[in-house]
Amino acid sequence: MLFCLDPETAHKLTLASLRTAEHLRLLPGLMGKPVDDPVTVMGLSFPNRVGLAAGMDKEANTAAAFGQLGFGFVEVGTLTPRPQPGNPKPRLFRCIPQQAIINHMGINNPGVDEGVENIRRTRRFNGILGVNISKNKVTPNDEAHQDYLACLRAVWDVADYVAINFSCPNVPNLQDLAKADSAADLLSLMKSEQANLASETGRYVPLVMKVSPDMSEAQIRDLAHVFMDCQLDGLICTNTTTTREGVENSPHASQSGGMSGKPLYNRANETLAAFAQELNGSIPIIGVGGITTAEDAVNKIKAGASLVQLYSGFVYNGPPLVRAAASAIRDYCNR
Ligand SMILES: Cc1cc2nc3c(=O)[nH]c(=O)nc-3n(C[C@H](O)[C@H](O)[C@H](O)COP(=O)(O)O)c2cc1C
């Protein structure tokens, strides 16, 4: 039924239904208990290794429901300092035969203050809550650090970890911040603010960065060294790709923006494996991109991830994928 609707309408309707079902306490009876596979990563205790990737719960008000669907962690956002409407619609396209999605949403979100308010109001979730942050579209790159710092301060009290999105292909020039020099500047400012906030509040909130799958080997090597030098707490591999590998014949292939889902899988895994090799276990990695089966999720762990996240595969395969992935990873790790 949802696939008969326009994708953005289906998305809104699904999230609203999930919130209602959570409110009425229907989900535990329908879904059963989430897979129990506790693991400590970045000093945080995750109930299992499967999370929801950023961009699904952009308003940060549905984490409790996603937790009841079996996710061990939920990353809300991306949130920016000021609210922004995103790009004109239509901006979300399904390539159904390929289990892919193309989007140029443009980080539509209610702004960090409302996002934090939503988290405070609706947080009834025992898992780990990540908050993904970025700069506003209108903020020039040379002032971007101010946006990231403002968001870090705003979300500090409600986040278990904070993810820095500097890899979204739908914000003009955002990926310039991933050049090694710019990344080093931004990250050292963020790390020193993290230290200040940790000593003010007595609570350490890990910082993770989310990278693009469209980088050369040299870029990956340079960035990995920046991450190690700055003692980054975690890495998310990867965001969406601007390539159209695997959807060339789709009627939506010419839409601009990032592609996710099954055709992203190999590219995201190559990026993950390349970072894992460079980092050599020094920084934990969250593997995301193209997971549509439990085996795909296990392969991310084999490639060097400590945790995984789902987005498009969850859209196409629904909640059973969460449980299947979490229990397959538990079995693999136990073996
Ligand atoms: C419609 C849509 C919106 C997204 N929005 C965000 C976002 O706001 N912030 C972000 O960091 N990633 C965002 N992503 C990227 C996902 O978090 C994920 O990294 C990517 O889709 C790859 O995973 P997948 O192949 O399982 O979908 C978005 C993805 C989609 C499909």
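For clarity, every value in this text was computed on a predicted model and none was experimentally measured. (Residues numbered from 1 in each chain as written. Predicted model: local features only at pLDDT ≥ 70, side-chain atom pairs only at ≥ 80, totals over all residues. Heavy atoms only, no water.)

**Student:** Quick question: what am I supposed to make of the packing of helix H5 (residues 144-155) against helix H6 (residues 180-201) here?
**Tutor:** Axis separation between H5 and H6 bottoms out at 10 Å; the angle between their running directions is 25 degrees. Taken as axis vectors, H5 and H6 run roughly parallel relative to one another. The way H5 lies across H6 gives a crossing that is right-handed. Only Leu 186, Leu 189, Met 190, Glu 193, Gln 194 and Leu 197 of H6 make contact with H5, whose side of the interface consists of His 145, Tyr 148, Leu 149, Leu 152 and Arg 153. Partitioned by chemical class, the residues of the contact of H5 with H6 number seven nonpolar, two polar and two charged. (Axes fitted to C-alpha atoms, helices over the stretch in contact; angles between N-to-C directions. Helix = DSSP H or I, 4+ residues; strand = E, 2+ residues; numbered from the N terminus. Parallel < 35°, antiparallel > 145°, perpendicular 65-115°, else oblique. Left-handed = near helix turned anticlockwise from the far one by under 90°. Contact = heavy atoms within 4.5 Å. Nonpolar A, V, L, I, M, F, W, Y, C, P; charged D, E, K, R; others polar.)

**Student:** I'm lost on the nonpolar core in this one. Help?
**Tutor:** Side chains that are nonpolar tend, in soluble globular proteins, to be buried together. Counting 81 residues, the largest nonpolar core has Phe 66, Tyr 148, Phe 227 and Phe 275 as its most contacted members. Excluding its chain neighbours within four sequence positions, the residues that come into contact with Tyr 148 are Ile 133, Ser 134, Lys 135, Ile 164, Asn 165, Phe 166, Leu 174, Leu 177, Leu 186 and Met 190. Listed in part, the 15 residues of the second largest apolar core include Ala 53, Val 208, Ile 236 and Val 288. (Core = buried A, V, L, I, M, F, W, Y, C linked by side-chain atoms within 4.5 Å. Buried < 20%, exposed > 50% of the residue type's maximum accessible area, 1.4 Å probe, protein only.)

**Student:** Looking at this structure, how should I read the pairing of strand E13 (residues 307-310)?
**Tutor:** Both faces of the sheet carry side chains from a regular strand, because those side chains alternate between them. Of the two faces of E13, the one holding Leu 307 and Gln 309 and the one holding Val 308 and Leu 310 are both buried throughout. Here strand E12 (residues 285-288) runs beside E13; their pairing, made up of three bridges, is parallel. Bridge assignment links Gly 287 to a residue of E13, and that residue is Val 308. In this fold, the crossover linking E12 to E13 by way of helix H9 (residues 294-302) has right-handed handedness. (Pairing = 2+ DSSP bridges. Right-handed = clockwise from strand over helix to strand, strands pointing away.)

**Student:** Can you help me understand the site of the ligand in this one?
**Tutor:** In the vicinity of the ligand there are 22 residues, among which Ala 54, Thr 78, Lys 210, Gly 290 and Ser 312 approach most closely. At a separation of 2.8 Å, an oxygen atom of the ligand approaches a polar side-chain atom of Lys 210. At a separation of 3.2 Å, an oxygen atom of the ligand approaches a polar backbone atom of Tyr 311. Across the complex, the protein chains shield 97% of the 610 Å² of accessible surface that the ligand would expose by itself. More than half of the atoms of the ligand fall within 2 Å of the grid points belonging to the largest pocket. Of all the secondary structure elements, the ones that give two or more residues to the shell around the ligand are strand E6 (100-103) and strand E11 (258-261). The residue makeup of the shell around the ligand, split by class, is seven nonpolar, 13 polar and two charged. (Near = heavy atom within 4 Å. Polar contact = N/O pair within 3.5 Å; in protein donor to acceptor, adjacent residues only side chain to side chain. Areas by Shrake-Rupley, 256 points an atom, 1.4 Å probe, with all protein chains shown as cover. 1 Å grid on protein atoms, 1.4 Å probe; cavity = no way out; pocket = protein on both sides within 12 Å on 5 of 7 lines; lining within 4 Å. Sits in = over half its atoms within 2 Å of the grid points.)

**Student:** Would you mind going over the packing of aromatic side chains with me for this structure?
**Tutor:** Describing an aromatic ring pair means giving the distance of the ring centres and the angle of the ring planes. Within this structure, the stated rule accounts for six aromatic pairs. For the pair Phe 66 and Phe 314, a centre-to-centre distance of 6.2 Å together with 65 degrees between the ring planes defines the contact as edge-to-face. Of the two residues, Phe 66 sits in helix H3 (residues 63-68) while Phe 314 sits in helix H10 (residues 312-317), which places them 248 residues apart along the sequence. Residue classification places Phe 314 among the buried positions, given a relative accessible area of 9%. The structure contains a cluster of three or more aromatic residues connected by ring pairs, namely Phe 66, Phe 71 and Phe 314. Note that Arg 94 overlies the ring of Phe 3, its terminal NZ or CZ placed 4.6 Å from the centroid. (Phe/Tyr/Trp six-rings, centres within 6.5 Å; stacked < 30°, edge-to-face > 60°. Lys NZ or Arg CZ within 6 Å of the ring centre and 35° of its normal.)

**Student:** In this structure, what is going on with H5? I would like to understand it.
**Tutor:** Given 3.6 residues to a turn, an α-helix orients residues that are three or four positions apart in the same direction. In a regular helix each residue adds 1.5 Å, so 12 residues correspond to 16 Å; H5 covers 17 Å between its end C-alpha atoms and thus fits that length. Those residues of H5 not exposed but buried are Ala 144, Asp 147, Tyr 148, Leu 149, Cys 151, Leu 152 and Val 155. Here the buried face of H5 lies against strand E4 (73-79), helix H4 (112-122), strand E7 (128-133), strand E8 (161-165), H6 and strand E9 (207-211). (Expected span 1.5 Å × (residues − 1).)

**Student:** I'm lost on the layout of surface pockets in this one. Help?
**Tutor:** Remark: the empty space left among the atoms is shown by a probe the size of a water molecule rolled over them. Within this model, the largest pocket holds a volume of roughly 790 Å³. The wall of the largest pocket is formed by 47 residues, among which Ala 54, Gly 55, Met 56, Lys 58 and Tyr 311 lie closest to the centre. Secondary-structure elements contributing two or more residues to the lining of the largest pocket are helix H1 (7-23), E4, E6, E11, E13 and H10. No other element matches H1, which puts six residues into the lining of the largest pocket. (Points joined across faces, edges and corners; volume = space filled by probe spheres on them.)

**Student:** Explanation requested: the pattern of salt bridges in the structure shown.
**Tutor:** Side chains that carry opposite charge are capable of pairing whenever their charged atoms lie near each other. In the structure shown here, the tally under the stated rule is 10 salt bridges. Asp 147 is the salt-bridge partner of Arg 82, the closest N and O atoms lying 3.9 Å from each other. With Arg 82 in the loop between E4 and strand E5 (92-95) and Asp 147 in helix H5, the pair connects residues that are 65 residues apart, well separated along the chain. Note on Asp 147: relative accessible area 6%, which makes it buried. Close ionic contact of Asp 176 with Lys 179 constitutes a salt bridge, the shortest N to O distance being 3.6 Å. Among the charged side chains, a salt-bridge network with shared partners connects Glu 8, Lys 89 and Arg 91. (Salt bridge = Lys/Arg side-chain N within 4 Å of Asp/Glu carboxyl O.)

None of this, on its own, says anything about what the molecule does.
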